[in-house]
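Now for the letters of each chain:
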Amino acid sequence: LGSNAKGLHALEYLLFDDGGGRTEALAKMTDATTGTARRAYASRVAPVLAAKAAELFVAWDASGENFAGSVASAGGSSAIYPSTKAAVDDFVNQLNVAADRLQNTEIGYPFGKKTGGTPSPEAEASRRSDASLADMTATLDGIRRVYLGDAGKRGLGAIVAGRSQAADAHMK
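Residues numbered from 1 in each chain as written. Predicted model: local features only at pLDDT ≥ 70, side-chain atom pairs only at ≥ 80, totals over all residues. Heavy atoms only, no water.

**Description of the packing of aromatic side chains**
- This model, assessed by the stated rule, comprises three aromatic pairs.
- Between W60 and F67 the ring centres are 4.9 Å apart and the planes differ by 70°, which places this aromatic pair in the edge-to-face class.
- Relative accessible area serves as the criterion here: at 45%, W60 is assigned to the partly exposed category.
- A ring pair is formed by F67 and F91, whose centres lie 6.3 Å apart and whose planes are at 20°; its orientation type is stacked. Residue F67 is located in helix α5 (residues 67-72), and its partner F91 is located in helix α6 (residues 84-107); the two are separated by 24 residues in the primary sequence.
- Using a relative accessible area of 23% as the deciding quantity, one classes F91 as partly exposed. (Phe/Tyr/Trp six-rings, centres within 6.5 Å; stacked < 30°, edge-to-face > 60°. Buried < 20%, exposed > 50% of the residue type's maximum accessible area, 1.4 Å probe, protein only. Helix = DSSP H or I, 4+ residues; strand = E, 2+ residues; numbered from the N terminus.)

Shown next, in the form of structure tokens:
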């Protein structure tokens with residue numbers, strides 16, 4: 001099964017109703033005919049999500065895979081990044097991927113940009129839980145914090161600007 005069938009959106013589909021509200025979603029989960037299957041599927045999807053969250057925690061945890069340490073030691077002892085340039089390039093590329101996905105998928109499809117001008121509200125990513133706007137805002141905020149910095153700390157943009165003003169202007 002793909003990520004949409006076993007990820008957050010699958011669980012969202014089971015826990016939230018598309019327009020019917022909480023009462024209707026609860027009714028579907030407790031329905032004598034379909035409720036058992038919905039609850040069983042939810043109970044199988046939730047542990048997969050918990051395992052993915054645990055993997056992510058270990059990847060970033062200093063006593064685990066210590067990704068932040070690998071970034072900090074780029075060009076030195078990092079097993080992931082043989083140079084600072086490799087780390088910067090990877091982060092810039094991932095920021096571009098996130099921005100592109102937000103523009104073209106999260107916004108583009110529902111508003112018709114990718115469907116020949118015909119709006120497709122069903123393509124809204126988190127429509128059932130009414131979290132699409134919050135999700136998009138969090139993505140934009142993450143991009144901003146990584147690139148521009150946060151809480152008085154310099155961001156990736158300071159490194160990019162030091163190497164190429166044109167690239168920095170393009171990113172901004």
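Now that the structure has been shown, the text picks up again.
**Remarks on the confidence of the model for the protein chain**
- On average, residues of the protein chain score 90 in pLDDT, and 96% of them reach the 70 mark or higher.
- Per-element mean pLDDT across the protein chain ranges from 66 in helix α1 (residues 3-6) up to 95 in helix α7 (residues 132-148). (pLDDT = per-residue confidence, 0-100.)

**Quick word on the pattern of salt bridges**
- Using the criterion set out here, one finds six salt bridges in the structure.
- Note that D141 and R144 form a salt bridge whose closest N and O atoms lie 2.7 Å from each other. Residue D141 and its partner R144 are located together in helix α7, separated by three residues, close to a single helical turn.
- Given a relative accessible area of 27%, D141 falls into the partly exposed group.
- As a salt-bridge pair, D141 and R145 come within 2.9 Å of each other at their nearest N and O atoms. (Salt bridge = Lys/Arg side-chain N within 4 Å of Asp/Glu carboxyl O.)

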